[in-house]
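Below are the chains, spelled out letter by letter.
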Amino acid sequence: MTKKINILLLPGDGVGPEVCKEANKLFLAVSRRFNLDISVDEDLIGGVSIDKNNSPITDKVISKANATDAILLGGVGGPKWDNLPSKDKPEKGLLRIRSELNFFANLRPSICFTETSGASTLKSEIIDGLDLLIVRELTGGIYFGEPREKSKDVAFNTMIYSREEIKKISEVAFESAMKRNKKLCSVDKANVLEVSELWREVVLETSKNYPEVELEHMLVDNAAMQLVKNPKQFDVIVSSNLFGDILSDIGSMLTGSIGMLPSASLDKNSKGLYEPVHGTAPDIAGKGVVNPIATILSVAMMFKYTFELNEISDEIESAVKQALANGYATQDIAQKNSKILSTEEMGSLIADYV
Ligand code: IPM
Ligand code: MN
């Protein structure tokens, strides 16, 4: 019997539609190869949704997202909408779907392939072979904390976490560490912030259930420095929404290019929203040069975490490795002897390998 899978595709803005098109090729290849019945529905999020529906995400799209098995998102935002107030920006669409569907656990792997390490601004020996996982809390903290306000001369936000929220994300982080090298670094700012004091307390408490995992606490400023200085000291990092956002951008440069980085945002049942870590890259949108690999690897994560079809995620990952090993690259990861491909060519090549 063929297995039926429903996916909601939300390409969004900028390069989003270009990378999602390549994901579609991959869905087709995977369904043929593995005899799956994948049906893909597509809808609007972000700026394109503001333009058409006056809202960065409609209730209809939220209900579709609720009903589907998994969601793949391209990206949201761009200069056209930059002058809108925060509450009306394209980004609000993404924040709403994360929050309303309780996608609290954001997994952002930083894996450095030998073929792309030369594309980083860092020395190859610092990052070669890096395999790091950042676990970012995604539905709380300063992104959503109330009260929040902006008036003419003052503005404020609230960084708030409950014991329960910290416990939930810590458990995901410890579970991830158990499946990896059993090392967890919790990142906070406990020398200044009360919210971080509680964070540390709860992470420490949770660690009692995971005696095999070696736990370390690190202040976020130091963690930023250590990531650049010696990233291979880390296995799993867990952090709050804002700190995790910042650290994962650093994480991306450790792999050569942000164009390589996938992410998964999961609820407690491992239903997920998958998206590349990179943004909408308005400067290169429409030029056919964006690297589709971050999105392709996000699809691999989808098969691993939501559908628990590791055979398929492994296959997609090895197709990516094969493309790189054969010397193919998009502009962002190109080196001296690379054969440079457009977005579409890279997408087709990887789908063909699958
Ligand atoms: C990310 C992005 C988002 C975030 C923006 C687009 C709201 O930077 O996914 O890392 O800050 O979470
Ligand atoms: Mn970010």
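Residues numbered from 1 in each chain as written. Chains lettered and ligands numbered in written order. Predicted model: local features only at pLDDT ≥ 70, side-chain atom pairs only at ≥ 80, totals over all residues. Heavy atoms only, no water.

## Structural notes on unusual backbone geometry
Omega for the bond connecting Glu 146 with Pro 147 falls within 30 degrees of zero, at 0 degrees, which places this linkage in the cis form. In this structure, Pro 147 sits in the loop between strand 5 (131-137) and strand 6 (149-150). Even without being glycine, Asn 102 reaches a positive phi, approximately 55 degrees. Relative to the elements of secondary structure, Asn 102 occurs in the loop between helix 4 (91-100) and strand 4 (105-111). Using a relative accessible area of 49% as the deciding quantity, one classes Asn 102 as partly exposed. (Helix = DSSP H or I, 4+ residues; strand = E, 2+ residues; numbered from the N terminus. Buried < 20%, exposed > 50% of the residue type's maximum accessible area, 1.4 Å probe, protein only.)

## Some points on the packing of helix 1 (residues 16-34) against helix 12 (residues 310-325)
Where helix 1 contacts helix 12, the axes come no closer than 12 Å and their chain directions differ by 125 degrees. Relative to helix 12, the element helix 1 is oriented oblique. In the packing of helix 1 onto helix 12, the handedness of the crossing is right-handed. Where helix 1 abuts helix 12, its residues Leu 26, Val 30, Arg 33 and Phe 34 lie against Glu 311, Ile 312, Glu 315 and Ile 316. (Axes fitted to C-alpha atoms, helices over the stretch in contact; angles between N-to-C directions. Parallel < 35°, antiparallel > 145°, perpendicular 65-115°, else oblique. Left-handed = near helix turned anticlockwise from the far one by under 90°. Contact = heavy atoms within 4.5 Å.)

## Overview of the domain arrangement of the chain
Under the domain assignment, the chain is made up of domain 1 (1-105 + 262-354) and domain 2 (131-254). Here domain 1 and domain 2 have C-alpha centroids that lie 25 Å from each other. Of the roughly 950 Å² buried where domain 1 meets domain 2, counting both sides, 71% is carbon and sulfur surface. Contact with domain 2 buries surface across domain 1, with Leu 95, Arg 98 and Phe 104 losing the most and accounting together for 56% of the total. Linking domain 1 with domain 2 are zero salt bridges, by the criterion used here. In this assembly, domain 1 and domain 2 are joined by one residue pair in polar contact (both at pLDDT 80 or more). Take the side of domain 1 that touches domain 2: its biggest share by element is four residues, from helix 4. In the side of domain 1 that touches domain 2, the residues fall into five nonpolar, three polar and two charged. (Domains from an automatic or database assignment. Buried area = accessible area lost by both parts, 1.4 Å probe. Salt bridge = Lys/Arg side-chain N within 4 Å of Asp/Glu carboxyl O. Polar contact = N/O pair within 3.5 Å; in protein donor to acceptor, adjacent residues only side chain to side chain. Nonpolar A, V, L, I, M, F, W, Y, C, P; charged D, E, K, R; others polar.)

## Here we look at the sheet that holds strand 3 (residues 70-75)
If you trace the 10 strands from one edge of the open sheet to the other, you get 2-1-3-12-11-4-5-10-8-9, paired in mixed fashion. The strands lining the two open edges of the sheet, one partner per strand, are strand 2 (36-42) and strand 9 (214-219). Put simply, the sheet's adjacent strands are angled 25 degrees from each other on average, direction ignored. Examined bridge by bridge, strand 3 and strand 12 (residues 272-276) share three bridges and lie parallel to one another. The residue bridging Ile 71 from the neighbouring strand is Leu 273, located in strand 12. In the packing of helix 1 onto the sheet, the strands contacted are strand 1 (3-12), strand 2 and strand 3, and the crossing angle to strand 2 comes to about 160 degrees. (Pairing = 2+ DSSP bridges.)

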